Amino acid sequence: MKRRDFLQKSIPAATLLPALINGYSVKAFAADSPLVQALMQGVTETDHVLVIIQLAGGNDGLNMVVPVSTYSSYFNARSNVAIPQNRILSLSGTSASGLHPAMTGMQNIFNNGNMKVIQAVGYPQPNFSHFRATDIWMSASNSDQEVFNGWAGRYLNYEYPNFPTGYPNTSMPDPLAIQIGSTTSLTTQGPVVNMGMSITSATSFYNLISGTTDPVPNTPAGKELKYIRLVNQQTQKYSTVIRNAANTVTQQVTYPTNNSLADQLKIVARLIKGGLRTRVYMVSFGGFDTHSVQVNAADTTTGAHATLLQRVSDACKAFQDDLQFLQIQDRVIGMTYSEFGRRIKSNSSVGTDHGAAAPMFLFGSKIATGVLGDNPSIPANASVNDNVPMQYDFRSIYSTILEKWFCLDKTIVSGLYPPNINSQLQSLPLFKSSISCSTTPPPPPDPNVDSLITNYPNPFTDNTRISFRTEGGHTLIQVIDTLGRVIRTLLEKDYPSATTDSVNFNAEGLPTGVYYARLQNGVTQKVRPMMKVRP
Amino acid sequence: MDRRDFLTAKRRKGEKAPVPLPAPRGLTSGINPYGGPWTENEVIHLLKRTMFGATKADVDYFKTRSVSQAVDELLNPTAPQPGPPVKEYTTSTQPGTPDANIAQGTTWINDINNDGTVQSQRIGSYKKWWTGVLINQDRSIREKLITFWVDHFGNEASDVGYGNWAYRQHDLLRQSVLGNFKQMVDGVTKDLSMLRYLNGYLNVATAPDENYARELLELFTLGKGPGSQYTEADVKEAAKVLTGWQINATTYTTVFNATRHSTVNKTFSSFFNSTIITGRTGATAGQLELNDLLNMIFASPECAKFICRKFYRFFVYYTIDQATETNVIEPLAAIFRNSNYDIRVVLSALLKSEHFFDVLNQNCYIKSPADHIVGALREMNTVFPPLSDWNTSYGMWNFFYANMINTGQNLHDPPNVSGHPAYYQEPLFHEIWINSDSLPKRNQYTDTMVNSGYTRNNIRVIFNLVPYVQQFSNPGNPNDLIDDALKYLFRNQLSYESKKAIKTQILLSNQLYDYYWTNAWMAYTASPTTANFNIVNNRLKPLFQYFFNLSEYQLS
């Protein structure tokens, strides 16, 4: 369905543009506002990727990040499920809290300096219903609001305002967001259409014959027919790029088996490395609704919850190792969340009931390690009604990611949230100071390569000169993009003898990002990374 | 109200936000009895919504009745209930629980066996059996409505882990499928699977477990609509009412243990008129207090409204605007309440209404995976081996069951207690069924059934296209053939240009004249040799594959 058609019918034409970007308050932005100005500049440049890991069911945060400094209150409140103090995994640089003993993988990521623990993330007036709370987390609404689109959907709608009309195209040939699994998530629902696509496997796409296109009437039947046709078209459009991306990656680290989260993350790593420019990936892992028998009574470090946490931990560790192995670690961060934590006091079923705030994990080579926030305050004699009070609003995590990781201007970020919480959003210290917006610089030059082919300037804006050395004979200089496609052949000729030469690469009109200059001379071939940046 | 206005509007602190209603659809019809035309179009609409697909035989049958007679017959099944699932799995060799009590081919539903593997095999047996029941459904609403109730109560059979209990719950809902909703909730509350799934069996006076109480209110009876204003404290009080029920795992029975029951008075909020449920003691305490609790819940008008909205979304369409709420949901809810929650009465009013047959409500329903997979089998008159060949039958049903899972619907194993998101998740609802993963798989399924079918024990089930088109009046004429097939398979008719293109490119193999097909068809009917059969069948295959791949086919 054409977004413009929809908008022209639903809102006055004069406010068309702000409504496209915002999805919230069309009245809040005049045509000369910074938001509209920002839109005119086009898509924000970045090759950063966010992987959202949903822990469905309500994860027991107190047993995942265990308060060491207030251990006795913690133990008093939940002696039947409490983790013994001597089994808590320690975290470098802090003695106040530690991790569940099953999470050695995450401990490793943290102690290697690549993980942030954010304590007691929640929102005012917590909701205790699974699916309502999940909607709140996905939509980033207030507790008493119904918002029918998702926070990542609004962000992607800002960046790609006409999606799906005109997509894929040369500047965005790939899906905007990918959900591993069969259902479409509210997280990526935009104001009009869902910005994401779902896949269960990266390689098994099925070819579809194209449909005829009889016009559709303006009725509910027409609406649904349009929708199905759209999915049909998207499926065809993206199946090739996804399959190609998956096929370019032939080697990955070993992931744990019998671990569905690991299976999903393995696909994600493969697609990122394969060159997709998709910015948001979503994976989901369930079973955290541990009302009863959360732990084995004989050994509370084992049992259902321990198994779940171990799978999360092992999967994230393998994923982080794989990113490193694939040399894309600087482009990717992972974020875990659950729709709520659980009650401080355990129940007599050796489990815990629905609670409120809980810790989140962020990990990646650009995440500043550490624990943000204090241990949850636990009353000495916790009652059944006591909940972990919120320290950080989850929308501050989202907005910090949008601002620092996806390089959005602060005014635009706040436009993506309900107006009444804009002033309360915090910019949190989640990232290392080495983080740079826009595109990740190419790896340091290899002297062996550089002696044969270099370019200057690098990074460059529109033009750069490629210098090379040939041993004589047939010589070829090509430019290759990150998808591995040859986009230019700059030079192809026979040299009578060994010499040095140079050729200009004019990149006007090409998207910013990394390109490779490739020299082929006899049996020799060398590749030089170059980076085009915005002027 | 526009959502954007709503979000910027000021609200008093603590006031619950009104749930915005969707934009109007332009439907003004209500629940007055429908008195318009009763042609194949209306019959097919009624059947596709209340059964799995509309076969030509069923359409012909109901076309000779009136609207009212047709709906009454659909709501009053006369066919006997299907026989129970049988043991079709290999016998466990676990020494402790050998599963030797019953022979293969006989039912396991009354055999107690607490071996996890055996119970898991029985869940598989039950799911296959159920798929077979859907495929062999009777001429009534019964089977489709059972899928509604099983999804409504949202249990995950594989999570509960007992095939016997899953079947028991299925049978409870089957027996009361068109009966009294309040009695159904009473039964479900004490159902083994439900007690296990939502921890009712762990709910004790000393530390109430709120899991079931919360979902009873939020998902099973009252919902979270704008008028549903019960409180967190109500959930806690309801949990106390429900204390004391336990599972006897050696007899597979529900028992009430008075010593675990909370005997205090339970006080509810003003939403429930500050009702106090008197704390009881003794063996009858649990049932007496449950009666009080259900009386209190069902006294709220929200209960009927919530269930009517769910019926509406299941049988009609997912968008409920203000006109639909006023003209359809509210009067239906009144009927439901006044009938003391008689399911048959309220569905009769809905299915006979002007609104149900409103042209704007036709052809807009995205088929569920069960609708798509089972409906296609039935509409194509697919021939299966006899039920007595249980080994082959269960293996085949498993294939179709697996296809439902692959395309997003796992009967009796929804993603969570809320059921499948297509029935509740704003704003997409049924559109959730269709995504870039599921749609190609739907097409893959119909491609398989058209081209190669599914073979087990050397018996093949396949869409038999030649017999299928032979049921029409004039299959030798390619225009009539296409028109007739589309009439039953699609709700939305294709344009003349599209049909002409399809005919020419596929049925005529790019020949110019209709008689190429006519001659081929006449040659086959005059002499049904394999060679002549293949000529027509090889043209029908791409034709039907193409039909099934069109987006239009996903709608009913």
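Because the structure is a prediction, the values reported are computed rather than measured.

Chemist: Run through the overall build of chain B, naming residues and quoting values.
Modeler: A count of helices and strands for chain B gives 25 helices and six strands. Compactness check: chain B gives a C-alpha radius of gyration of 26 Å against a globular reference of 24 Å for 556 residues, within 12% of the reference. Each of the three principal axes of chain B carries a C-alpha extent, and together these read 85 × 65 × 40 Å. Taken over 556 residues, chain B has a buried fraction of 49%. The long-range fraction of contacts in chain B, counting pairs at least 24 apart against all pairs at least 6 apart in sequence, stands at 71%.

Chemist: Can you explain the packing of helix α10 (residues 260-273) of chain A against helix α11 (residues 304-325) of chain A? Please cite residues and give values.
Modeler: Residues and elements named next belong to chain A. Two elements in contact, α10 and α11, have axes separated by 9 Å at closest approach and are oriented at 20°. Considering their axes alone, α10 and α11 lie roughly parallel with respect to each other. By crossing handedness, the relation of α10 to α11 is classed as right-handed. Contacts between α10 and α11 involve L261, A262, L265 and A269 from the former and R311, V312, D314, A315, A318, F319, D322 and L323 from the latter. Here the residues of the contact of α10 with α11 sort into nine nonpolar, no polar and three charged.

Chemist: Account for the environment of C303 of chain B, with residues named and values stated.
Modeler: Mapped onto the elements, C303 of chain B comes out in helix α14 (residues 301-315). Between the alpha carbons of C303 of chain B and S228 of chain B there is a distance of 8.7 Å; along the sequence they are 75 residues apart.

Chemist: Before we move on, could you go through the sheet that holds strand β19 (residues 524-532) of chain A and cite the residues and values that matter?
Modeler: Residues and elements named next belong to chain A. A sheet is described by the order of its strands in space; here four strands give the open sequence β16-β15-β18-β19, paired in antiparallel fashion. Here the strands that pair on one side only, and so sit at the sheet edges, are β16 (486-495) and β19. Averaged over all pairs of adjacent strands, the angle between strand axes in this sheet comes to 15°, irrespective of strand direction. Both strand β18 (residues 513-521) and β19 contribute to a ladder of nine bridges, which runs antiparallel.

Chemist: How would you explain the nonpolar core if you had to name every residue and give the values?
Modeler: In this structure, A238, C308, L332 and L350 of chain B are the most contacted members of the largest nonpolar core, which totals 157 residues. At nine residues, α14 of chain B tops the list of elements feeding residues into this core. Beyond its immediate chain neighbours, meaning those up to four positions away, L332 of chain B contacts I31, C308, V346, A349 and L350 of chain B. Grouped together as the second largest cluster of nonpolar side chains are 114 residues, L50, M106, Y158 and V332 of chain A included.

Chemist: So what's going on with unusual backbone geometry? Residues and values would help.
Modeler: One can expect most non-glycine residues to show negative phi and most peptide bonds to be in trans. Residue Y456 of chain A is joined to P457 of chain A through a cis peptide bond whose omega torsion reads -5°. By the secondary structure assignment, P457 of chain A is in the loop between β13 (453-456) and β14 (463-470). The linkage connecting N458 of chain A with the following residue, P459 of chain A, adopts the cis geometry, with an omega of 0°. Examined against the element boundaries, P459 of chain A turns out to sit in the loop between β13 and β14. Its identity as a non-glycine residue notwithstanding, N363 of chain B has a phi of 70°, on the positive side. Within the secondary structure, N363 of chain B sits in the loop between α17 (354-357) and α18 (369-379). Positioned with a positive phi, N458 of chain B is a non-glycine residue whose angle comes to about 65°. Mapped onto the elements of the fold, N458 of chain B is located in the loop between β5 (454-456) and β6 (459-461).

Chemist: Explain the environment of I109 of chain B residue by residue, including any values.
Modeler: Residue and element names in this part refer to chain B. The residue I109 is located in the loop between α4 (67-75) and α5 (116-135) in this model. Measuring from C-alpha to C-alpha, the distance between I109 and G163 comes to 8.2 Å, with 54 residues separating the pair along the chain. If near-sequence neighbours (up to four positions away) are discounted, I109 is found in contact with P84, P85, N164 and Y167.

Chemist: Provide a residue-level description of the confidence of the model for chain A, including the pertinent values.
Modeler: Residue and element names in this part refer to chain A. Looking at chain A, pLDDT values average 82 and 85% of them are 70 or higher. Long-range and interchain partners of residues 1-41, a stretch whose pLDDT sits below 50, account for 58 contacts in this model, where long-range means more than four residues apart. With pLDDT under 50 throughout, residues 202-212 is counted as low confidence; its partners more than four residues away or in other chains account for 29 contacts.

Chemist: Before we move on, could you go through α4 of chain B and cite the residues and values that matter?
Modeler: Where α4 of chain B is concerned, the buried positions are V67, A70, V71, L74 and L75 of chain B. With its buried residues spanning 130° around the axis, α4 of chain B presents them on a single face.

Chemist: Let's hear about helix α12 (residues 394-405) of chain A: which residues, and what values?
Modeler: All names here are of chain A. Over its twelve residues, α12 extends 16 Å from the first C-alpha to the last, a length consistent with the 16 Å expected when each residue adds 1.5 Å. Within α12 the residues assigned to the buried category are F394, R395, I397, Y398, S399, T400, I401, L402 and W405. Remark: C407 follows α12 within two positions and exhibits a positive phi of approximately 60°.

Chemist: With reference to specific residues and values, describe the sheet that holds β14 of chain A.
Modeler: Two modes of strand pairing occur in sheets, parallel and antiparallel, and in both the strands are linked by backbone hydrogen bonds. Residues and elements named next belong to chain A. An order of β13-β14-β17 is seen for the three strands of this open sheet, with the pairing classed as antiparallel. Edge positions in the sheet fall to β13 and β17 (499-506), since each has one partner strand and no second. For this sheet, the mean inter-axis angle between neighbouring strands, taken without regard to orientation, is 25°. Where β13 meets β14, four bridges bridge the pair, whose relative direction is antiparallel. Its bridge partner being in β14, I453 is matched across the sheet by F468.

Chemist: Can you break down the confidence of the model for chain B residue by residue, with the values?
Modeler: Atom-level detail of predicted coordinates should not be read off regions where pLDDT is low. Residue and element names in this part refer to chain B. Of all residues in chain B, 95% attain a pLDDT of 70 or more, and the chain-wide mean is 92. Every residue in residues 1-18 scores below 50 in pLDDT, and together they form 20 contacts with partners more than four places removed in sequence or on other chains. On the interface metric, ipTM, the complex scores 0.89, and its pTM is 0.70.

Chemist: Help me get a handle on the packing of helix α23 (residues 496-507) of chain B against helix α25 (residues 530-549) of chain B, residues and values and all.
Modeler: Residues and elements named next belong to chain B. Two elements in contact, α23 and α25, have axes separated by 9 Å at closest approach and are oriented at 140°. Relative to α25, the crossing made by α23 is right-handed. Along its contact with α23, which presents I502, I506 and L507, the element α25 presents R539, P542, L543 and Y546. Grouping the amino acids of the contact of α23 with α25 by side-chain chemistry returns six nonpolar, no polar and one charged.

Criteria and thresholds
Residues numbered from 1 in each chain as written. Chains lettered and ligands numbered in written order. Predicted model: local features only at pLDDT ≥ 70, side-chain atom pairs only at ≥ 80, totals over all residues. Helix = DSSP H or I, 4+ residues; strand = E, 2+ residues; numbered from the N terminus. Rg over C-alpha atoms; globule rule 2.2 N^0.38 Å. Buried ≥ 20, exposed ≤ 12 C-beta atoms within 10 Å, placed from the backbone. Contact = placed C-beta atoms within 7 Å. Axes fitted to C-alpha atoms, helices over the stretch in contact; angles between N-to-C directions. Parallel < 35°, antiparallel > 145°, perpendicular 65-115°, else oblique. Left-handed = near helix turned anticlockwise from the far one by under 90°. Nonpolar A, V, L, I, M, F, W, Y, C, P; charged D, E, K, R; others polar. Pairing = 2+ DSSP bridges. Core = buried A, V, L, I, M, F, W, Y, C linked by C-beta atoms within 7 Å. pLDDT = per-residue confidence, 0-100. Arc of directions from axis to C-beta. Expected span 1.5 Å × (residues − 1).

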